[in-house]
Amino acid sequence: MNLTDLNKVALAMVTPGKGILAADESSGTIKKRFDAIRVESTEDNRRDYREMLFRSQEAMSKYISGVILYDETIWQNAKDGTPLVKLIEESGAIPGIKVDEGTQALPNCPGELVTVGLDKLAERLKKYYERGARFAKWRAVIDIGAGIPSMTAISVNAHALARYAALCQNAQIVPIVEPEVLMDGDHDIDRCYDVTQRVLNKTFQELRVQRVALEGMVLKPNMAIAGKKSPKQASVQEVAEKTIRLLKSCVPAAVPGIAFLSGGQSDEEATAHLDAMNKIGGLPWRLTFSYGRALQAAPQKAWSGKTDNVPAGQRAFSHRARMNGLASTGKWAAGLEKQAA
Ligand code: 13P
């Protein structure tokens, strides 16, 4: 492992003004997104859609530091035969790859999941590196509900995240460590705070036990936020302050950067929260975005599967990328959204 190079890549992923495009939807997830815009989820349509994003010159060169790909996409070529990975590299962004293989029911823990995909991971990482991937992602999912999460679920998921991270660094690939506490329930922000604190503490404990170099990773957490069904929604300022307090208490300063998931927040909420945190400032790590839905909902709608709509889709993507790029340095303002509209 060359830690200097891993650290360089990790820092590049969280370059001020830029963030990560999570375009790594599995076949099942992208089908759901395409169903919503009435587009058939064929291999060609998935390619055309992602090619549209990666050819968005303004977004990709100015606001996107890296792109997380799904296995299908990393091997795909653009319509003209250029590998999609090349398009990303030529735009100046770094290609990355989702390497977990989804979740399975966790035995003895009803309603809880464990992320799988460690078997043969070392071999797979080698092939992804050869294809151009310089970072990877593994997502653990922790749900909040009556009597959950259990310590068992937190512990096995943290263990798997650390196993994955160690394997990545050995393959000279920067691991994005993503322990996602879901915002699906009706819990309030303080319950999310408590659960996320337990999850992050356990995750960093496992990372230490398994000798993962913190300088060579990026953390991708949820924010401290109320569940979508909670009657008690928190203000932007409360989300920002509590998330910062939480991260400061759990995330060592050796970690170069934190790139949030959007997790089902609206586009503008996800931007406003990131912006408010960066306005607080004085942080030991860089704070940016690694959004999937909050970057892609608008371009998906604008595109709707029609070639004629590609410029509109690219404009919508560039707009969200720019808004989040500004938020990554605390320079966003709600007025900028309306101006563009
Ligand atoms: P969302 O921003 O849609 O939550 O997706 C980010 C991601 O990569 C989840 O694993």
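Residues numbered from 1 in each chain as written. Predicted model: local features only at pLDDT ≥ 70, side-chain atom pairs only at ≥ 80, totals over all residues. Heavy atoms only, no water.

Caption draft 1: The arrangement of the overall build of the protein chain in detail. Across its full length, the protein chain carries 14 helices and ten strands. In terms of C-alpha radius of gyration, the protein chain reaches 19 Å, essentially the compact-globule figure of 20 Å for 341 residues. Once the C-alpha set of the protein chain is aligned to its principal axes, its extents read approximately 50 × 45 × 40 Å. Among the 341 residues that make up the protein chain, the fraction classed as buried is 55%. For the protein chain, the computed accessible surface area is about 14,000 Å², with 49% contributed by carbon and sulfur atoms. Across the protein chain, the 45 positively charged side chains and the 39 negatively charged ones have centroids separated by 2 Å. (Helix = DSSP H or I, 4+ residues; strand = E, 2+ residues; numbered from the N terminus. Rg over C-alpha atoms; globule rule 2.2 N^0.38 Å. Buried < 20%, exposed > 50% of the residue type's maximum accessible area, 1.4 Å probe, protein only. Areas by Shrake-Rupley, 256 points an atom, 1.4 Å probe, with all protein chains shown as cover. Lys, Arg positive; Asp, Glu negative; His and termini not counted. Charge placed at Lys NZ, Arg CZ, Asp CG, Glu CD.)

Caption draft 2: Molecular detail of the pattern of salt bridges. What the rule picks out here adds up to 23 salt bridges. In this structure, Asp-24 engages Lys-98 in a salt bridge whose closest nitrogen and oxygen atoms are separated by 3.3 Å. Taken together, the residues span a long stretch of sequence, with Asp-24 in the loop between strand S1 (19-23) and helix H2 (27-36) and Lys-98 in strand S3 (residues 94-98) at a distance of 74 residues. Looking at Lys-98, the relative accessible area reads 14%, which means it is buried. Between Glu-101 and Arg-124 there is a salt bridge, with the nearest N and O atoms lying 3.6 Å from each other. Here Arg-124 lies in helix H7 (residues 121-131) and Glu-101 lies in the loop between S3 and strand S4 (103-105), a separation of 23 residues in the sequence. By relative accessible area, which is 18% here, Arg-124 ends up buried. (Salt bridge = Lys/Arg side-chain N within 4 Å of Asp/Glu carboxyl O.)

Caption draft 3: Seen up close, the sheet that holds strand S10 (residues 286-291). Within the closed barrel, the eight strands sit side by side as S1-S2-S3-S6-S7-S8-S9-S10. Their pairing is parallel. In terms of strand pairing, strand S8 (residues 218-219) meets strand S9 (residues 257-260) through two bridges, oriented parallel. Bridge assignment links Leu-219 to a residue of S9, and that residue is Ile-258. Contacts between helix H6 (residues 84-91) and the sheet are confined to strand S2 (64-69) and S3, with S3 contributing the most and set at about 135° to the helix. (Pairing = 2+ DSSP bridges. Contact = heavy atoms within 4.5 Å. Axes fitted to C-alpha atoms, helices over the stretch in contact; angles between N-to-C directions.)

Caption draft 4: Region of the structure containing the pairing of S2. Counting buried positions along S2 yields six of six residues, so the element is predominantly enclosed. Where S1 meets S2, five bridges bridge the pair, whose relative direction is parallel. Bridging across to S2, Ala-23 finds its partner in Leu-69. Taken together, the four bridges between S2 and S3 define a ladder with parallel strand orientation. Its bridge partner lying in S3, Ile-68 is registered against Gly-96.

Caption draft 5: Focus on unusual backbone geometry. Here Ile-148 and Pro-149 are connected by a cis peptide whose omega angle stands at 10°. In this fold, Pro-149 is placed in the loop between strand S6 (135-142) and helix H8 (151-170). Look at Gln-172: it is not a glycine, yet its phi comes out positive at around 60°. Located in the positive-phi region is Ser-304, a residue other than glycine, with phi close to 50°.

Caption draft 6: Spotlight on the state of the cysteines. Scanning the entire structure with this criterion turns up zero disulfides. Cysteine Cys-250 shares no disulfide, and the gap to the nearest cysteine sulfur, in Cys-192, comes to 12 Å. For Cys-250, a relative accessible area of 8% gives the class buried. (Disulfide = S-S within 2.5 Å.)

Caption draft 7: Region of interest: the site of the ligand. Near the ligand there are 13 residues, and of these Lys-137, Lys-220, Ser-262, Gly-263 and Arg-293 occur at the shortest range. Here an oxygen atom of the ligand sits 2.5 Å away from a polar atom, N or O, in the side chain of Lys-137. Note that an oxygen atom of the ligand is positioned 2.7 Å from one of the backbone N or O atoms of Gly-263. Contact with the protein chains hides 92% of the accessible area of the ligand, taken as 300 Å² for the molecule alone. Its residues placed into classes, the shell around the ligand shows three nonpolar, four polar and six charged. (Near = heavy atom within 4 Å. Polar contact = N/O pair within 3.5 Å; in protein donor to acceptor, adjacent residues only side chain to side chain. Nonpolar A, V, L, I, M, F, W, Y, C, P; charged D, E, K, R; others polar.)

Caption draft 8: Fine view of the side chain of Asp-24. For Asp-24, a relative accessible area of 4% puts it in the buried group. When residues no more than four places from it in sequence are discounted, the contact partners of Asp-24 are Ile-68, Leu-69, Tyr-70, Lys-98 and Lys-137.

Caption draft 9: Quick look at the packing of aromatic side chains. Counted according to the given criterion, the structure contains six aromatic pairs. With 5.7 Å between their ring centres and 85° between their planes, Phe-34 and Tyr-49 make a pair best called edge-to-face. Taken together, the positions of Phe-34 in helix H2 and Tyr-49 in helix H3 (residues 43-54) put the pair 15 residues apart, joining distant regions of the chain. When its relative accessible area of 0% is taken as the criterion, Phe-34 is described as buried. Its relative accessible area of 0% is what places Tyr-49 among the buried residues. One aromatic cluster in this structure is built from Phe-34, Tyr-49 and Trp-303. (Phe/Tyr/Trp six-rings, centres within 6.5 Å; stacked < 30°, edge-to-face > 60°.)

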